[in-house]
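# Structural overview for review
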Amino acid sequence: MSPYRDFILETFPNIDDEISSYIGSMLEDDTGEFETSDDLYDAIGVMLQQADEDKSEEDIKDICDRLYLLLHSKSSNGCGASSNGLRKVLDAPVQMSALVNEMENTSTEDSSIWLVRRDTSSIVDKQKLDKANKKIQKKLDGKQQTTIKKVESVPEMASVNQQINRRDAKMDSSGSNKSYDIRLENIDVTYGDLELLKEANLNLAFGRRYGFTGRNGLGKTTLLKMISSGALKIPSHITVLHVEQEVDGDDTPALQSVLECDTKRENLLKKEKEINAQLNSSSPGGDNTLSTQLQEVYKQLEAIESDKAPARAAMILNGLGYTRADQQRPTREFSGGWRMRLALARALFSRPDLLLLDEPTNMLDMKAIVWLENYLQDWPTTMLVVSHDRQFLNAVSTDIIHLFNKQLDNYKGDYEAFHKTRAERMKNQQKEYEAQKQYRDHIQVFIDRFRYNANRASQVQSKIKLLEKLPVLKAIEKETDVILKFPECDKLNASVLQLDDVVFYYDQSKVLFDKCCVNANMESRICIVGDNGAGKTTLLKLLLGEREPISGYRHAHRQLRIGYFSQHHVDQLEMDLNSVQLLASRFPGQTQEIYRGKLGSFGITGDLALRPVSSLSGGQKSRVAFAVMSMTNPNFFILDEPTNHLDMETIEALGDALNRFNGGVILVSHDERLIRHICKELWVVTGGKVLSLDGGIDEYKVQVQRELESN
């Protein structure tokens, strides 16, 4: 075994045998092509880096320097190198023939270090060498590229493969990369056996606001988690914040929880207190050094406008629905939804270089959504937001990234511009496909007609060659239409659900409803809006009969069967079961065909119905929840935020399905497009009353805008 391979195996114990043999043989057979250690690094550095990713680029360069020293020592003395790479100096002339005779009469252990016969058994097998060469050449194609191997990451079962530019990696490691643009090239993302992205590119220009769209289950949330967890490598100087988990509840007031996000400000304020305490405890005259330090702290606090921070934090919290009293309440007193808002407030306050938002409007009422739209229009850094709220994306986005067919396609403009551009692009691609197909068919007809005609043989051969040279014809892939179908139900006459003079409260000091009177029938398409905490969900529970009025009456038709979709319905599904098993456990006694048919009505078909519910996307879980709700064949739907987690196409399909449904519908929603699609009557919950607004959603938005402007 060569000293080079010994050294490589000692330094990289997990290196592939073929690669170590290849490198060892290459160095043994060196003819002087490696003039410097940089030449050696260019030749084998990538292979060594892939053998041990824990080693930095500097470590690999150092190892190449030591290998070069070994190599240089060999070429300098003509006799070989010691294990430490130092040259041996002869004390007197040596007669080489005598050494040869000596070696023949001695064992291998006693042979001279100056003359050793080469052990031919270490020569690499030619087939293995060719195989290693092909493997290495494939990796070295494009000298400026290096590969980060597959890494297990968040979420569980998900893995990523990414290529980064060596130049970018060098700039990042040296700290010379000052760009805040992000380029992720040749990304492969898999989730278990499911391939989500294949050789996709993600380019984010600093200061742009990107809306991230695509069907449920394609991997949008997974990609955001990959970026925030560091599985996808971005420049280290770029700060990333992913609003994903609610704030932990403790005794910290909400306002202080937001202020604590600015760690620089908090550290400076802490330092100011410490210095002041030391100055107060010191003798009169004080320490000039401490005074100088205090002045420097004040200067830095002034530079970051520390005095304006509480007002900015309070403004953000107020916009997201926190009153002045709420801002002083401990975070532990808030529900999960309000803690998610607090997490969003902290992100908006801290202003990271890259802000990742996943369905931020799910937790907000209409007023907070309008405020957030206005606030984000002046967002100074890069933002990537997953949202299926069409109006929100139109208001916020400067660009759209569309996930389709395992690729990420960039479009300039808001969602409406994207929708038109993509439709036009698909139309043109279809025309091009049809023209190419017509041209191919024309050539094929000629070939088939004259294939056996000797006089036309040369022309036929020419046409066959022409056909072979044409690019592969690929049909345009279109997204399948989403169709949801609710079951037919029996018609009921007149008013089927009614509240008369209902009074309700949890705390007598805060009455939610005072003399509330509402009614609905089988033709009703009623949408309920109002501020968070006004009592929308409580009103639904009064209509359902889950809450008894303090006074007043609830009237319901004796044949009324209500299907209720709770905004927490998805979280209440049995995650360890598949969708068919879930329906069988909830509604036993039916055949598997019935369960599959019901799931198929909501797009859960084939293998998707046999996957564990935990592995489904949020939108797919919602479809399973719709199937569960429909199993009792209800004739009236009460839906609480049904669009959470649904993609735009499914929201459109839900609106169509509700319009086709021959029963009544009451829903709470903040999705403006769905409200416009189905709403015949708008109820506004405010001030202990339920008011029917004649102007519909347009009139309500005008009212909301006035309130925001008055604040």
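Residues numbered from 1 in each chain as written. Predicted model: local features only at pLDDT ≥ 70, side-chain atom pairs only at ≥ 80, totals over all residues. Heavy atoms only, no water.

So, on to the overall build of the protein. When helices and strands are tallied, the protein shows 25 helices and 19 strands. Within the protein, buried positions represent 44% of all 711 residues. Counting contacts in the protein only where the partners sit at least 6 residues apart, residues at least 24 apart contribute 67% of the total. In the form shown here, the protein has an accessible surface area of approximately 37700 Å², with 47% of it arising from carbon and sulfur atoms. (Helix = DSSP H or I, 4+ residues; strand = E, 2+ residues; numbered from the N terminus. Buried < 20%, exposed > 50% of the residue type's maximum accessible area, 1.4 Å probe, protein only. Contact = heavy atoms within 4.5 Å. Areas by Shrake-Rupley, 256 points an atom, 1.4 Å probe, with all protein chains shown as cover.)

Attention now moves to the nonpolar core. Ranked by size, the top nonpolar core spans 122 residues in total, and within it Leu348, Leu376, Phe486 and Leu539 carry the most contacts. Broken down by element, the residue count for this core peaks at nine residues, all from helix H14 (residues 336-350). Ignoring any residue separated from it by four or fewer positions in sequence, one finds leucine 539 in contact with Leu499, Phe513, Cys516, Ile528, Trp683, Val685 and Val690. Membership of the second largest hydrophobic core comes to 28 residues, among which are Ile187, Leu232, Leu384 and Ile401. (Core = buried A, V, L, I, M, F, W, Y, C linked by side-chain atoms within 4.5 Å.)

What follows covers helix H1 (residues 3-11). The set of residues buried in H1 consists of Tyr4, Arg5, Phe7, Ile8 and Thr11. Buried residues of H1, seen end-on, are gathered within an arc of 160° and therefore sit on one face of the element. (Arc of directions from axis to C-beta.)

Before going further, it helps to spend a moment on the environment of valine 502. By the element assignment, valine 502 lies in strand E11 (residues 495-507). When the C-alpha atoms of valine 502 and leucine 542 are compared, they prove to be 9.1 Å apart, with 40 residues separating the residues in sequence.

For the pair helix H12 (residues 309-319) and helix H15 (residues 366-376), interaxial distance at closest approach is 9 Å and the crossing angle is 135°. Here H12 lies oblique to H15, going by the angle between them. Residue-level inspection shows Arg312, Met315, Ile316 and Gly319 of H12 in contact with H15, the latter providing Ala368, Trp371 and Tyr375. Taken together, the residues of the contact of H12 with H15 break down into five nonpolar, one polar and one charged. (Axes fitted to C-alpha atoms, helices over the stretch in contact; angles between N-to-C directions. Parallel < 35°, antiparallel > 145°, perpendicular 65-115°, else oblique. Nonpolar A, V, L, I, M, F, W, Y, C, P; charged D, E, K, R; others polar.)

Judged by how many residues are buried, strand E8 (residues 382-386) sits mostly within the fold: five of five residues are covered. Going residue by residue along E8, you find Thr382, Leu384 and Val386 tucked away on one face and Met383 and Val385 tucked away on the opposite face as well. Inspection of the sheet shows strand E5 (residues 209-213) paired to E8 by four bridges, in the parallel sense. From the neighbouring strand, tyrosine 210 faces E8, where its bridge partner is leucine 384. Bridging between strand E7 (residues 354-358) and E8 involves five bridges; their strand directions are parallel. Residue pairing across strands places leucine 356 opposite leucine 384, the latter belonging to E8. Viewed along the sheet, the connection from E7 through H15 into E8 turns out right-handed. (Pairing = 2+ DSSP bridges. Right-handed = clockwise from strand over helix to strand, strands pointing away.)

When pLDDT is averaged along the protein, the result is 81; 84% of the residues meet or exceed 70. Contacts from residues 77-91, a stretch scored under 50 in pLDDT, to residues over four places away or in other chains number 22 contacts. Counted against residues more than four places away or in other chains, residues 142-155, with its pLDDT under 50, gives 45 contacts. (pLDDT = per-residue confidence, 0-100.)

So, on to empty space enclosed by the protein. All chains considered together, the criterion is met by four cavities of 30 Å³ or more. Of the pockets and cavities examined, the largest cavity occupies roughly 70 Å³. Taken together, Glu359, Thr361, Asn362, His388, Asp389, Thr643, Asn644, His645, Leu646, Ile651, His670 and Asp671 make up the lining of the largest cavity. Partitioning the lining of the largest cavity into residue classes produces two nonpolar, seven polar and three charged. (1 Å grid on protein atoms, 1.4 Å probe; cavity = no way out; pocket = protein on both sides within 12 Å on 5 of 7 lines; lining within 4 Å. Points joined across faces, edges and corners; volume = space filled by probe spheres on them.)

Moving on, we come to the pattern of salt bridges. Per the stated rule, a full pass over the model turns up 23 salt bridges. Among the salt bridges present, the one from glutamate 266 reaches arginine 265, with a minimum N-O distance of 3.5 Å. Take glutamate 266: its relative accessible area is 21%, and that puts it in the partly exposed class. Taken together, the salt bridges that share partners define one network made up of Arg390, Glu416, Glu652 and Arg673. (Salt bridge = Lys/Arg side-chain N within 4 Å of Asp/Glu carboxyl O.)

Strand order in the open sheet formed by three strands is E12-E11-E14, with antiparallel pairing between adjacent strands. The sheet is open, and its two borders are formed by strand E12 (510-521) and strand E14 (551-556), each paired with just one other strand. Neighbour-to-neighbour, the strand axes of this sheet turn through a mean angle of 20°, independent of strand direction. Where E11 lies against E12, eight bridges are found, and the strand directions are antiparallel. Looking at the pairing, leucine 497 lines up with alanine 520 of E12. Of the strands in this sheet, E11, E12 and E14 touch helix H19 (residues 536-544), which is tilted by about 125° from E11.

Considering the arrangement of structural elements, one finds serine 387 in the loop between E8 and helix H16 (390-396). A residue is classified by how much of its surface remains accessible, and serine 387, at 0% relative accessible area, is buried. Only 3.1 Å separates the side chain of serine 387 from the backbone nitrogen of aspartate 389, close enough to count as a polar contact. Excluding residues that lie within four positions of it along the chain, serine 387 makes contacts with Phe212, Thr213, Glu359, Thr361, Phe392, Leu393 and Met648. (Polar contact = N/O pair within 3.5 Å; in protein donor to acceptor, adjacent residues only side chain to side chain.)

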